[in-house]
Amino acid sequence: MTQAETKSLSFEDFKIEVLNDYKVATVSRECSLLGRREVLTGKAKFGIFGDGKEVPQLALAKAFKNGDFRSGYYRDQTFMMAIGEMTIQQFFAGLYGHTDLAHDPMSAGRQMGGHFATHSLDEKGNWKNLTQQKNSSADISPTGGQMPRLLGLAQASKIYRKVSGINQTNFSEKGNEVAWGTIGNASTSEGLFFETINAAGVLQVPMVMSVWDDEYGISVHARHQTTKENISEILKGFQRDEDNKGYEILRVKGWDYPALVDTYQKASAIAREEHVPVLIHVQELTQPQGHSTSGSHERYKNSDRLVWEVEFDCLIKMRQWVIENNIASSEDLDAIDSQAKKDVLEGKKAAWTAFVSPVKEEQLELVALLNSIANTSSNKVFIEKYATDLAAIKEPIRKDLLTTARKILRLIVKENGKNELASWITNYTNKIQPKFSSHLFSQSDSNVFSVKEVLPIYDATAEDVDARLVLRDNFDAIFTKYPESLIFGEDAGNIGDVNQGLEGMQEKYGELRVADVGIREATILGQGIGMAMRGLRPIAEIQYLDYLLYAIQIMSDDLATLQYRTAGRQKAPLIIRTRGHRLEGIWHSGSPMGMIINAIRGIHVLVPRNMTKAAGFYNTLLETDEPALVIECLNGYRLKEKMPTNLGEFKTPIGVIETLKEGKDITLVSYGSTLRLVEQAAKELLEVGIDAEIIDIQSLLPFDVNHDIVKSLAKTNRLLVIDEDVPGGASAFILQQIIDEQKGYLVLDSQPETLAAKAHRPAYGTDGDYFSKPSIEDIYEKVYAMMHEANPAQYPSLY
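Residues numbered from 1 in each chain as written. Predicted model: local features only at pLDDT ≥ 70, side-chain atom pairs only at ≥ 80, totals over all residues. Heavy atoms only, no water.

J.: How do you make sense of the overall build of the protein chain when you look at a structure like this?
T.: Looking only at helices and strands, the protein chain has 27 helices and 22 strands in total. Radius of gyration (C-alpha) of the protein chain: 30 Å, near the 28 Å computed for a compact globule of 799 residues. When its C-alpha atoms are laid out on the principal axes, the protein chain stretches across 100 × 85 × 45 Å. Counting the 799 residues in the protein chain, one finds 60% classified as buried. A separation threshold of at least 6 residues defines the contact pool for the protein chain, and within that pool the share at least 24 residues apart is 78%. Taken as a whole, the protein chain presents about 31800 Å² of accessible surface, with 50% of it coming from carbon and sulfur. (Helix = DSSP H or I, 4+ residues; strand = E, 2+ residues; numbered from the N terminus. Rg over C-alpha atoms; globule rule 2.2 N^0.38 Å. Buried < 20%, exposed > 50% of the residue type's maximum accessible area, 1.4 Å probe, protein only. Contact = heavy atoms within 4.5 Å. Areas by Shrake-Rupley, 256 points an atom, 1.4 Å probe, with all protein chains shown as cover.)

Right under this line is the structure:
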């Protein structure tokens, strides 16, 4: 409460509000204490709690308004309780890993406790009205990883305030929302923190960053973490003044309730009204139980520090302030403390009962089935023993049930009871597995498979143009069609990107929709994630494919897991644009596709062979609600392609291959720039009577959903995968999909083979490319050798 607000309240109202705050903080503390015991007694696997941070989070909650977003770390339980988005029972459901969203709305048991989220989507994947609720973006564990997303959440408010023509319904009230970040003081050592702080200062977005400072990072003291042991001290240069934009930097003691309330109200006003970022350094906090249940803080804090932590515990200090200001007596507060203990204990019991009851019902069902099967089995004694042991487990988990059932299945594989038990196992797995595996991708009506292919249309006068112009004119159509779309990246604005695929777009659509940004790939991704979470349609441009590695952690831990870790209740349909393949030199010619596709499951990976295909992917993606990476061919911008007449409308299907050449002797599978070499090699192979079929994968994730490649193999009976990644990179994934998923081995007459680049990064120059990556001659000779093995008389050995 600000001073103005307290003056408008009667003393009784003021007293009620303060005591309610004290109750919330006390309940939160009791949850932490009891939660730790639940872990140590084995009911929960791991615990990380918000004890010691309760009072500043009360102040944050008071300044937090409908429409605002939080991007925080795993100690903000008091805040979630204070804004009414988490109950005691839900807190413990998360600790136990309850797989039902009705009980653990944060993640349906997919994340450990302490990771918080609200629902941006309804059960069908449609947007809720985010302006009418308090919002928390879903937490991740990597320290500092919440920072880039925070930047985008804040930037969305700036876009909604400054860019006209966007339908703000459900997403913004004229950009008056604040994005609130929280982080532990030690995690400010992460590069992602500094990158985000710098970017927010440059962009001038409504972001309030709270640093909870308890002087430690797990067991490591601040003197090993931060220069001068003080993050706000070393960030003084970011402080704004009359001549320079920057931050408002505020400091406050974490145990000073009235000062905290005033500080957060001040920060809210600055960020919300002026769109100026604010850093709040909350100092002198404690961590009464240490970092987590994995250890005790008595091991690394000296006796003086431990004594100080008791004296300056924020709850104790708040209690003293309440009594000193005659708001309540010690007896009144004791009564609140006592009731909090009872409420937390009851909430814990209710959460545990709800967690174990369904499993106990399933346990009874399986035990009855096993006893029935035992009656007619020659292994009756063994089965009854398994059934008795299973029935004796007082608090079973689902692993206990399936382990028992699957072991017994081995015993009765030749008996009459086998089919009944096998059916139970299959049905049970089909019922339970989605609780752990659903929503890696969108299950809404706007998923990528909802969009059908629309071919480019060419009129009789269609001219051959530099392929970049197809891309440029298609972006022009996109930005006109979708006012909520925007693109940003290094050199994307003023010069229209390094290959001029955005030529003239900034001049036409303005600096906010077509924007240059600094050299900071992680926060480019973060800008995109946060804005996509707030209803915008951002395209985040990473200049070159190998630069993507700066952002791979954000893509992997945050964007790729977002729908999964919220069980479908948050989404960020971000499009990531980059370019690569067949470049020269160690640093710009790598094609680390194996690393990428294995790190970012949950993001579609699209590898168009030309700019028309790439433009079609952008058109498709803007009609879906899923994130994707589009990798354009860098050596294709100046090649000639015909200009379609239906720009912005033609669509490349996702997960669908294209056969570029029919053939009968061997199937050649590749993607991107390498296809041009494959096509030339195929022409030369025809000269010796080898007729190769060429398939363009187009989409690595998802991969050939119609299983068309195996249909080709049924005709040719031979397979070669050509890839410019390292051996065992993307080619291994492609081969696994064809052989394992499509059962391609059933129709092969020869060993399936791969042709990849050398294991090292490609060397510089034309010769470096030739000796590092598959060449036309390499492809020709590999195919010829495979045909020699099949028919040595017709194809005598070349070497």
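J.: What am I meant to see in the sheet that holds strand β4 (residues 207-212) here?
T.: Sheets are built from strands that pair by backbone hydrogen bonding, the pairs being arranged parallel or antiparallel. If you walk across this open sheet you meet the 6 strands as β2-β1-β3-β4-β8-β7, and the pairing is parallel. What marks the edges here is a single partner per strand, and that holds for β2 (135-136) and β7 (248-253). Bridge count for strand β1 (residues 69-71) against β2 is 2 bridges, and the pairing is parallel. Bridge pairing links R70 to S136 in β2. (Pairing = 2+ DSSP bridges.)

J.: Even after reading the chapter, I still don't get the pairing of strand β3 (residues 179-184), so can you show me in this structure?
T.: On any regular strand, side chains alternate: one points to one face of the sheet, the next to the other face. Counting buried residues along β3, 6 of its 6 residues qualify, which places the element largely inside the surrounding structure. Alternating positions in β3 separate into two faces, A179, G181 and I183 on one and W180, T182 and G184 on the other, with burial throughout. Sheet topology places β1 next to β3; 3 bridges connect them, and they run parallel. Note on β3: the bridge partner recorded for S71 is G181.

J.: Teacher, can you tell me more about a nonpolar patch on the surface here?
T.: A cluster of nonpolar residues, V381, F382, Y386 and L411, forms a patch on the protein surface that exposes about 380 Å² of accessible area. Here the nonpolar patch takes 3 residues from helix α13 (residues 380-391), the largest share from any one element. Examined against the element boundaries, F382 turns out to sit in helix α13. Accessibility expressed as a relative area gives 53% for F382, which makes it exposed. (Patch = residues over 30% accessible without salt bridge, like charges linked within 9 Å, V, L, I, M, F, W, Y side chains within 5 Å. Salt bridge = Lys/Arg side-chain N within 4 Å of Asp/Glu carboxyl O.)

J.: Would you mind showing me how to read unusual backbone geometry here?
T.: Note that the residue after L701, namely P702, is joined by a cis bond; omega there is 0°. Mapped onto the fold, P702 is located in the loop between β20 (699-701) and α24 (708-716). In this structure, Q500 is a non-glycine residue whose phi angle is positive, near 60°. Mapped onto the elements of the fold, Q500 is located in the loop between β10 (485-489) and α17 (505-509). Look at Q500 and you get partly exposed, because its relative accessible area is 27%. Phi is positive for K743, which is not a glycine, with a value near 55°. The topology assignment puts K743 in the loop between α25 (730-741) and β22 (753-755).

J.: Honestly, the packing of helix α16 (residues 467-481) against helix α22 (residues 611-621) in this entry has me stumped. Any pointers?
T.: Pairs of packed helices are described in terms of their axes, by the angle between the two and the distance that separates them. Two elements in contact, α16 and α22, have axes separated by 8 Å at closest approach and are oriented at 15°. Judged on the interaxial angle alone, α22 and α16 are roughly parallel. For the crossing formed where α16 meets α22, the hand is right-handed. Across the interface between the two elements, A467, R468, V470, L471, N474, F475 and I478 from α16 touch M611, T612, A614, A615, Y618 and N619 from α22. (Axes fitted to C-alpha atoms, helices over the stretch in contact; angles between N-to-C directions. Parallel < 35°, antiparallel > 145°, perpendicular 65-115°, else oblique. Left-handed = near helix turned anticlockwise from the far one by under 90°.)

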